[in-house]
Amino acid sequence: MNTFGQTLGLTIFGESHGVSIGAVLDGLPAGVAIDWDAVNQEMARRAPGKNKLSTTRSEKDAFEIQSGFFNGHTTGTPLCAMIRNGDQHSQDYDQLRHIMRPGHADYSGKIRYGGFNDYRGGGHFSGRLTAPLVFAGAIASQILASQGVVIGSHILHLADVTDKGFSPLGESTATLQALKGETLPVLDKEQAAKMEERIVAAKNDLDSVGGVIECMVTGLPAGLGDPFFDSVESCISHMMFSVPAVKGIEFGDGFALTGLRGSQANDAFYYDDGVVKTKTNHNGGINGGITNGMPLIFRLAVKPTSSISQSQDTIDTDTQENCQLVIKGRHDPCIVQRAVPVVEAAAAWAILDVWLSAKGRCL
């Protein structure tokens, strides 16, 4: 099934080169006013074709509301949005019915669906399907913002370039919001130019690069989530691995915790004018799968774009022979910067689902 969520359901549909893509948002509270201009701004952050760092495919990502919104507010019934595909070059993908692209879902998808899947541009596996994710997350972000919750991300690593990390104890709302206006969102502005150099160099070499995205959520109250199967980490991780090219996740200090002793890894509690806080935040704002009131922090590993224009070894499933492939078409030399708004949107939807589940569907 293509549906995520327990209390709040998100279904995405469509293919990269089909008529349209879209989303059905089920479980939104009734009576929520939506700032559609803000939704459009989030869609524009992800949209392709804006600069030399991304694919030349040009899609406006304009959405059409089909249901669930009336007289300026959500109705409480499923909100459906459709995004029409416009700039399609399906002929670029004719050979991909039987020539399998390394790093892509061509082979695994062909086996999974018996060869009936739409292979053009990756079909339903395409990063194009992150547009509906951003649409849903933009709405979830507005609802969370009304409760004082703010989500922001930056590029922590890109190729061999490293930005400074978020302060574990939290960043200001102004800092998190300012990052949303940058092409390459970083805290150390000098690193942006270096990252751009790495992307352009990879593009000139007919290659690609990946990176790490760090995401912070502030304003979450303590007590959200459940132990074990529906822990906050479980819900967020489930959603994040729905974002194409994500290959790893860690919360707080993550794998670095393995190099610490318990006395170092534990976050000591204290009262600050009656508010419970921790002196450190090695665990990323989560204990036992439940939020503890500190900023929630996680990092994602995003692999290099699989579509590169170098000759690669692969197979022809028609002839059942080994062969060479040079991928044609329009591709991102790096998808990390375009994945940033997708990560924020995915986090917003997962967290709102956890929130509504904990609050009995109420804000």
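For clarity, every value in this text was computed on a predicted model and none was experimentally measured.

Participant: Even after reading the chapter, I still don't get the overall build of the protein, so can you show me in this structure?
Facilitator: Check the secondary structure of the protein and you find 8 helices and 18 strands. For 363 residues, the compact-globule estimate of 2.2 N^0.38 gives 21 Å, and the protein sits close to it at 21 Å. By its C-alpha atoms, the protein is 70 × 50 × 35 Å across when sized along the principal axes. For the protein, the residues scored as buried account for 49% of the 363 residues in total. As displayed, the protein has an accessible area near 16600 Å², and 53% of this comes from carbon and sulfur atoms.

Participant: Mind showing me how you'd approach the UniProt feature "binding site: NADP(+)" (unreviewed entry) in the protein here?
Facilitator: Per the UniProt record, "binding site: NADP(+)" (unreviewed entry) is found at Arg46 and Lys52. Tracing the backbone shows Arg46 in helix α1 (residues 36–46). Apart from residues lying up to four places away in sequence, Arg46 is in contact with Asp61, Gly127, Arg128, Thr130, Ala131, Val134, Arg338, Pro341 and Val342.

Participant: Honestly, the UniProt feature "binding site: FMN" (unreviewed entry) in the protein in this entry has me stumped. Any pointers?
Facilitator: Following the UniProt record, the feature "binding site: FMN" (unreviewed entry) maps to His124, Phe125, Ser126, Gly288, Lys303, Pro304, Thr305, Ser306, Ser307 and Arg330 here. A maximum C-alpha distance of 44.4 Å shows the annotated residues, which cover 207 residues in sequence, to be distributed over more than one spot. With respect to the helices, strands and loops of the structure, Ser126 is situated in the loop between α2 (106–112) and α3 (130–145). If near-sequence neighbours (up to four positions away) are discounted, Ser126 is found in contact with Ser16, Gly121 and Pro244. The topology assignment puts Ser307 in the loop between β16 (296–302) and β17 (312–316). Once residues lying within four places of it in the same chain are set aside, the contact partners of Ser307 are Arg101, His104, Ile327 and His331. Side chain to side chain, Ser307 and His104 meet in a polar contact 2.7 Å long.

Participant: Could you clarify how one ought to interpret unusual backbone geometry in this entry?
Facilitator: Peptide bonds are trans in most cases, and residues, glycine excluded, mostly fall at negative phi. If you check the backbone angles, Phe228 has positive phi at about 60° while not being a glycine. Turning to its location among the elements, Phe228 is positioned in the loop between β10 (211–218) and α6 (232–240).

Participant: Could you clarify how one ought to interpret α3 in this entry?
Facilitator: For the α-helix, the turn length of 3.6 residues means that residues three or four positions removed from each other point alike. With 16 residues, α3 extends 22 Å between its outermost C-alpha atoms, agreeing within 8% with the 22 Å of an ideal straight helix rising 1.5 Å per residue. The element α3 is extensively covered by neighbouring structure, given that 13 of its 16 residues are classed as buried.

Participant: Explanation requested: a nonpolar patch on the surface in the structure shown.
Facilitator: A cluster of nonpolar side chains, contributed by Tyr107, Ile111 and Ile315, occupies part of the molecular surface with about 290 Å² of accessible area. Note that Ile315 resides in strand β17.

Participant: Teacher, can you tell me more about the packing of α6 against helix α8 (residues 336–358) here?
Facilitator: Describing two packed helices takes the angle between their axes plus the distance from one axis to the other. At a minimum axis distance of 9 Å, the contact between α6 and α8 shows a crossing angle of 140°. Looking at the two axes, α6 sits oblique to α8. Crossing angle aside, the handedness with which α6 passes α8 is right-handed. Taken together, the residues of α8 that come into contact with α6 (itself represented by Val232, Cys235, Ile236, Met239 and Met240) are Val343, Ala346, Ala347, Trp349, Ala350, Ile351 and Val354. When grouped by side-chain class, the residues that make up the contact of α6 with α8 number 12 nonpolar, no polar and no charged.

Participant: Please explain the pairing of β10 as it appears in this structure.
Facilitator: Consecutive side chains of a regular strand alternate in pointing toward one face of the sheet and then the other. Here β10 lies mainly inside the structure; 7 of its 8 residues are buried. Sheet analysis places β10 next to β16, joined by 7 bridges and oriented antiparallel. The residue of β16 that forms the bridge with Gly211 is Val302.

Participant: I would appreciate a short explanation of the packing of aromatic side chains in the present structure.
Facilitator: What characterises a pair of aromatic rings is the spacing of the ring centres plus the angle enclosed by the ring planes. On inspection of all chains with the given rule, the structure shows 6 aromatic pairs. Taken together, a centroid distance of 6.2 Å and an interplanar angle of 15° make the contact between Trp36 and Phe135 stacked. With Trp36 in helix α1 and Phe135 in helix α3, this pair connects stretches of sequence that are 99 residues apart. In this structure, Trp36 and Phe135 share a single accessibility class: buried. Taken together, a centroid distance of 6.4 Å and an interplanar angle of 55° make the contact between Tyr113 and Phe125 tilted. Here Tyr113 is found in the loop between α2 and α3, whereas its partner Phe125 is found in the loop between α2 and α3, with 12 residues between them in sequence. Residue class for Tyr113 comes out partly exposed when judged on its relative accessible area of 41%.

Participant: Explain the sheet that holds β16 to me, please; I cannot follow it from the model alone.
Facilitator: Working definition: the strands of a sheet are paired by backbone hydrogen bonds and lie parallel or antiparallel to each other. In space, the 5 strands of this open sheet follow the order β9-β8-β10-β16-β11, with antiparallel pairing throughout. In the strand order of this sheet, the two ends are held by β9 (161–162) and β11 (246–251), each with one partner. The pairing of strand β8 (residues 150–158) with β10 spans 8 bridges and is antiparallel. Bridge pairing links Ser153 to Cys215 in β10.

Participant: I'm lost on the pattern of salt bridges in this one. Help?
Facilitator: Oppositely charged side chains can form a pair if their charged atoms are brought close together. Under the criterion given, the structure shown has 16 salt bridges. The salt bridge partner of Arg97 is Asp318, with a shortest N-O separation of 2.5 Å. Taken together, the positions of Arg97 in the loop between β7 (79–84) and α2 and Asp318 in the loop between β17 and β18 (321–325) put the pair 221 residues apart, joining distant regions of the chain. Between Lys180 and Glu344 there is a salt bridge, and its shortest N-O distance comes to 2.7 Å. Of this pair, Lys180 sits in the loop between α4 (173–179) and α5 (190–204) while Glu344 sits in helix α8, and the two are 164 residues apart along the sequence.

Here is what the cut-offs are and how they apply
Residues numbered from 1 in each chain as written. Predicted model: local features only at pLDDT ≥ 70, side-chain atom pairs only at ≥ 80, totals over all residues. Heavy atoms only, no water. Helix = DSSP H or I, 4+ residues; strand = E, 2+ residues; numbered from the N terminus. Rg over C-alpha atoms; globule rule 2.2 N^0.38 Å. Buried < 20%, exposed > 50% of the residue type's maximum accessible area, 1.4 Å probe, protein only. Areas by Shrake-Rupley, 256 points an atom, 1.4 Å probe, with all protein chains shown as cover. UniProt positions renumbered as here; feature names shortened; annotations may be inferred. Contact = heavy atoms within 4.5 Å. Polar contact = N/O pair within 3.5 Å; in protein donor to acceptor, adjacent residues only side chain to side chain. Expected span 1.5 Å × (residues − 1). Patch = residues over 30% accessible without salt bridge, like charges linked within 9 Å, V, L, I, M, F, W, Y side chains within 5 Å. Salt bridge = Lys/Arg side-chain N within 4 Å of Asp/Glu carboxyl O. Axes fitted to C-alpha atoms, helices over the stretch in contact; angles between N-to-C directions. Parallel < 35°, antiparallel > 145°, perpendicular 65-115°, else oblique. Left-handed = near helix turned anticlockwise from the far one by under 90°. Nonpolar A, V, L, I, M, F, W, Y, C, P; charged D, E, K, R; others polar. Pairing = 2+ DSSP bridges. Phe/Tyr/Trp six-rings, centres within 6.5 Å; stacked < 30°, edge-to-face > 60°.

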